[in-house]
Structure formats: C-alpha cells, structure tokens
Amino acid sequence: MKSIYYLIVLFSSLVILGCSSTYTIKDFSSKEKFYEDFNNSVKYKNINVTLSNDSSFSVPYGAILSDDSLLAITNIKHTVILRRSSVKEIKEYYDTDFTYPLHEVILTNGKKLKGDDVRILPDSSIEYTVRENVFGEKIPLKKVKEVNYKNHWLGIPSGFLIGAVSGFGVSYILDQFVNRNDVYNRSHKNIFIYIVGIPLGALTGTIWGWLSGYTYTYQFNP
C-alpha cells in the first residue's frame, strides 16, 4: 500500500506544480522589471483579465502595462486601394484545399502582400486590407486582480507525466485483482496490463495537457 501512497503524492505534486506559474511584483527586483517581463510575455497573447470585483473578460490580442494601467491591444483593419503603377508583380498560389487561387502582390518598393487580404479590381488596381494593432481600453491597475494566458504546447510535458503516472497507478491497482492465485498467468497478464495501461495513460495525459495548457498568471492585487 505504500506504493499507492507514493503514487498519489507524486500525482498530486505534478498536478499542483506542473501546470502553472504565478508572478507578483515581489518576484522582481523592481516594478519596472515586473512591467518589462509582463509586456514581453503578454503582448499579442490571448489573455484573460480578472478585475478586483471578480468579473473577467478576454483580450485576444494581449495587453501591456504603462503608467500603472493595463492597456488592452485591439486589432483594427481598413481597406487601401493601390494603383497598378505601384505594383511590380502579381503571383497566384493555392492554399491547402486548392479551391481558389490566392495572390501574392509584389510592390515596387519590395513589399509583399499575401492571402485573402488582397483583391485585384477590374481596372487592375489592388485592394487590400491593412491590419493594425492599437491600444484600446485603459484600465487602472488598482482595479485589476490578475491576468493570465495559456501556452498549450508547454502543457504537454506535464500532461504526459501525469498521464504516465496515472496509467501506472491504474495498472498497479488492476494488477492486484487479476489472477492472484495463478502465478504463471499472473506474470503474463501483469506485463500486458502495464504495456497497455502506461502508454494509454500517457497518451490521454498528453491530450489533456495540450487542452489544459500551461497557465501563466500575473497577480496585481493578491
């Protein structure tokens, strides 16, 4: 039974420690360092903001800290028409489904425009969509409880370990109930149980880890 106890302790430790990191200003040498780390990490990420009143909302393009405020980044787009004289070359290419051709437009200044955002008009002028990231809503930090985001790929290692340990634990428990009195069959069936249980647990854990992700949390008023 001690083995089961150790498995439970190891499993719990992996779950608690392996899936998240939390930062506060106390973890940095100065407020400026905290701001710098936050801005480098959170900018352009799909983040979740929780306010001091426990209400929350998502910001798909990230945010930065400036002047003790959280500045949410929004993505705007507008259409620009280019004359044919500003275009050096137009190439066609196909995406993975090969349904409709897309266009790559090479301008006389060397800039390349690709994809669905480009359209050739009847007069041979070029219409394309410009996307820009701009700062939108400004929220005082005293109203912000925390900001978090997930990295799905980093959730895979911990998910794999948790799944493998779980698979071993389940296999071990099943092992105790299979053919206790038949030594020959028991030895063979034990091998089968572990061969199936551990990889299956690891695969399940890997999928779970990717879906759950590795969560980074920045706390402001803990």
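First, a word on scope: everything that follows refers to the structure included in this document. What you see is a predicted model, and the numbers here were worked out from it, not measured in a lab. (Residues numbered from 1 in each chain as written. Predicted model: local features only at pLDDT ≥ 70, side-chain atom pairs only at ≥ 80, totals over all residues. Heavy atoms only, no water.)

Among the five residues that make up strand β2 (residues 47–51), four are buried, leaving the element largely enclosed by the rest of the structure. In terms of strand pairing, β2 meets strand β3 (residues 56–59) through four bridges, oriented antiparallel. Note that in β3 the partner of Ile-47 across the bridge is Val-59. In this antiparallel pair of consecutive strands, β2 and β3, the connection spans four residues, and Asp-54 shows a positive phi of 75 degrees. Direction of pairing for β2 relative to strand β11 (residues 144–151): antiparallel, over a ladder of five bridges. Residue pairing for β11: Thr-50 is matched across the bridge by Glu-146. (Buried < 20%, exposed > 50% of the residue type's maximum accessible area, 1.4 Å probe, protein only. Helix = DSSP H or I, 4+ residues; strand = E, 2+ residues; numbered from the N terminus. Pairing = 2+ DSSP bridges.)

With that out of the way, let us pick up unusual backbone geometry. One non-glycine residue, Tyr-44, lies in positive phi territory at about 70 degrees. Tracing the sequence through the fold places Tyr-44 in the loop between α2 (31–42) and β2. Even without being a glycine, Asp-68 presents a positive backbone phi close to 55 degrees. The topology assignment puts Asp-68 in the loop between β4 (63–66) and β5 (69–82). Overall, the relative accessible area of 40% leaves Asp-68 in the partly exposed class.

What follows concerns α2. Here α2 is 12 residues long and its end C-alpha atoms lie 16 Å apart, about the 16 Å a rise of 1.5 Å per residue gives. Every buried residue of α2 is listed here: Phe-34, Tyr-35, Phe-38, Asn-39, Ser-41 and Val-42. Trailing α2 by a residue or two, Tyr-44 shows a phi angle of about 70 degrees, which is positive. (Expected span 1.5 Å × (residues − 1).)

To continue, consider the nonpolar core. Counting residues in hydrophobic clusters, the biggest one holds 21 residues, and the most contacted among them are Leu-70, Val-144, Val-147 and Phe-220. The set of elements that each furnish at least two residues to this core consists of α2, β2, β4, β5, β11 and β12 (214–219). In terms of residues, this core owes the most to one element, α2, which gives four residues. Ranked by size, the runner-up nonpolar core spans eight residues in total, among them Leu-82, Leu-107, Leu-113 and Ile-126. (Core = buried A, V, L, I, M, F, W, Y, C linked by side-chain atoms within 4.5 Å.)

Right, let's talk about the side chain of Thr-50 for a bit. Within the fold, Thr-50 resides in strand β2. In this view, Thr-50 contacts Ser-55, Ser-56, Val-144, Lys-145 and Glu-146; residues no more than four positions away in its chain are not counted. (Contact = heavy atoms within 4.5 Å.)

All told, the structure shown has 11 aromatic pairs when counted by the stated rule. With a centroid separation of 5.2 Å and 20 degrees between ring planes, the pair formed by Tyr-149 and Tyr-216 is classed as stacked. Of this pair, Tyr-149 sits in strand β11 while Tyr-216 is found in strand β12, placing the two residues 67 residues apart along the sequence. Judged by relative accessible area, Tyr-149 falls into the buried class, the value being 7%. Tyr-216 gets classed as buried once you look at its relative accessible area, which sits at 17%. Counting every residue linked through ring pairs, the aromatic cluster contains Tyr-23, Phe-28, Phe-34, Tyr-35, Phe-38, Tyr-218 and Phe-220. (Phe/Tyr/Trp six-rings, centres within 6.5 Å; stacked < 30°, edge-to-face > 60°.)

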